[in-house]
Amino acid sequence: MSVRPLRSVLYVPGDKPRAIEKARTLGADAVILDLEDAVAPEHKDAARENVRAALGTRWPMLVLVRVNGLGTPWEHADREMSLTAGAAGLVLPKVEDARVVRDLSLGLPLWPMIETPLGVLRAAEIAAVPGVAGLLVGANDLARALRTRSHPDRLPLLHALSAVVLAARAHSKLSLDAVYNDVRDPDGFARECAQGRTLGFAGKTVIHPDQIAPTNAAYGVTDAEAEEARALLTVWEQARQEGKSVTTHRGSLVEGMHADEARETLALWEEQG
């Protein structure tokens, strides 16, 4: 089983050619070349051409493009460029309607952003659309729309965050946690990474090179975790040879679901290595 890890997904502004070039070397599992929020209106056209040029060369990781939203002056040009230039997928901002995603029918994997209250309420419908690869949380816009106050443990957003994970998992899609704004706060960032993994996110979107390694560590599989998965599988396979449907490992019950989880852990460990 081969599983592509998407632990860290780095946003890179499309109007910053030097940042785009540097992003190739930073070790993120994927890059989002951004044509939307990170680019001012007067720079949109130049950013699109920068991204077109970047997509024309080889990258060591998955490269997605965040296009400008429906109804903007740049939507059609962004999508056409992404389709013809070789993007591995499109990140769609502020998605609230599954029908809109379904009607795009672009032939590329789609990554809707859930960043409004209505988007959260319809996340399961959006995740169910064929062609959707995963959901991304846009917590800044969501917090503003909800009129929440900042909280170190994101308490006002926990329901929404879990709703996105639940919607994605229900349809076998990935879910990626939101960015952490304060690049000068490594402790707060580490805490949020740990929280996101505990909630069930597959990875996290990031905005600064210094956030990549901590994210890979938080969402990755350690050698110790891989060794423990191997040990559990050894016990399970021996039990199955003996005709048993359940067994124990280190005092805990082991069933088929635990063996499947161990295999997934090992697959991710091999891929990230």
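Look above for the structure.
Draft legend 1. Geometry of the pairing of strand 6 (residues 134-137). Burial along strand 6 is two-sided: the face carrying Gly-134 and Leu-136 and the face carrying Leu-135 and Val-137 are both buried. Judged from the two bridges that link them, strand 5 (residues 110-114) and strand 6 form a sheet pairing that is parallel. Within the sheet, the bridge partner assigned to Met-113 lies in strand 6 and is Leu-136. Judged from the three bridges that link them, strand 6 and strand 7 (residues 174-177) form a sheet pairing that is parallel. Looking at the pairing, Leu-136 lines up with Leu-176 of strand 7.

Draft legend 2. Representation of helix 2 (residues 44-55) within the structure. Over its twelve residues, helix 2 extends 16 Å from the first C-alpha to the last, a length consistent with the 16 Å expected when each residue adds 1.5 Å. Residues Lys-44, Ala-47, Arg-48, Val-51, Ala-54 and Leu-55 constitute the buried set of helix 2. Buried residues of helix 2, viewed axially, fall in a sector of 125 degrees; they line one side. Along its buried surface, helix 2 packs onto helix 1 (17-23), strand 2 (30-34), strand 3 (62-66) and helix 3 (75-85).

Draft legend 3. Up close: the nonpolar core. Counting residues in hydrophobic clusters, the biggest one holds 58 residues, and the most contacted among them are Leu-33, Leu-55, Trp-59, Val-65, Leu-90 and Leu-135. At seven residues, the largest contribution of residues to this core is made by helix 8 (residues 158-170). Leaving out residues up to four positions away in the same chain, Leu-90 has contacts with Val-65, Val-67, Arg-79, Ser-82, Leu-106, Leu-108, Pro-109, Leu-110 and Trp-111. Counting residues in each nonpolar core, the second largest holds 13 residues, with Ile-32, Leu-62, Val-91 and Leu-136 among its members.

Draft legend 4. The sheet that holds strand 5, seen in detail. What the eight strands build is a closed barrel, ordered 1-2-3-4-5-6-7-8; its pairing is parallel. Strand after strand, the sheet turns through a mean of 30 degrees between neighbouring axes, direction not considered. Sheet topology note: the strand 7/strand 8 (residues 203-206) ladder contains two bridges and is parallel. Paired with Leu-176 across the two strands is Gly-203, which belongs to strand 8. Its contacts with the sheet place helix 10 (residues 212-219) against strand 1 (8-13), strand 7 and strand 8, and it is angled at close to 170 degrees to strand 8.

Draft legend 5. Looking closely at the environment of Cys-193. The residue Cys-193 is located in helix 9 (residues 186-199) in this model. Distance from Cys-193 to Ile-126, taken between C-alpha atoms, is 25 Å for residues 67 residues apart in sequence. For Cys-193, the residues in contact, after removing those within four places along its chain, are Lys-204, Thr-215, Ala-218 and Tyr-219.

Draft legend 6. Quick peek at the packing of aromatic side chains. Tallying each qualifying case throughout the model produces one aromatic pair. Measuring from ring centre to ring centre gives 5.9 Å for Tyr-180 and Phe-189, while their planes differ by 65 degrees; the resulting arrangement is edge-to-face. Cation over ring: Lys-44 sits above Trp-74, and NZ or CZ is 5.0 Å from the ring centre. Its guanidinium or amino end placed over the ring of Trp-269, Arg-230 lies 4.7 Å from that ring's centre, counting from NZ or CZ.

Draft legend 7. Seen up close, the layout of surface pockets. Its boundaries defined by the atoms lining it, the largest pocket holds a volume of some 730 Å³. Around the largest pocket sit 27 residues that line it, and Arg-197, Val-221, Glu-264, Thr-265 and Leu-268 are the ones nearest its centre. At the level of elements, helix 11 (223-241) and helix 12 (256-272) are the ones that each hand at least two residues to the lining of the largest pocket. For the lining of the largest pocket, the residue count by class is 13 nonpolar, five polar and nine charged. Lining the second largest pocket we find 18 residues, and of these Ser-150, His-151, Arg-154, Asn-181 and Glu-192 sit closest to its centre.

Quick notes on the rules
Residues numbered from 1 in each chain as written. Predicted model: local features only at pLDDT ≥ 70, side-chain atom pairs only at ≥ 80, totals over all residues. Heavy atoms only, no water. Buried < 20%, exposed > 50% of the residue type's maximum accessible area, 1.4 Å probe, protein only. Helix = DSSP H or I, 4+ residues; strand = E, 2+ residues; numbered from the N terminus. Pairing = 2+ DSSP bridges. Expected span 1.5 Å × (residues − 1). Arc of directions from axis to C-beta. Contact = heavy atoms within 4.5 Å. Core = buried A, V, L, I, M, F, W, Y, C linked by side-chain atoms within 4.5 Å. Axes fitted to C-alpha atoms, helices over the stretch in contact; angles between N-to-C directions. Phe/Tyr/Trp six-rings, centres within 6.5 Å; stacked < 30°, edge-to-face > 60°. Lys NZ or Arg CZ within 6 Å of the ring centre and 35° of its normal. 1 Å grid on protein atoms, 1.4 Å probe; cavity = no way out; pocket = protein on both sides within 12 Å on 5 of 7 lines; lining within 4 Å. Points joined across faces, edges and corners; volume = space filled by probe spheres on them. Nonpolar A, V, L, I, M, F, W, Y, C, P; charged D, E, K, R; others polar.

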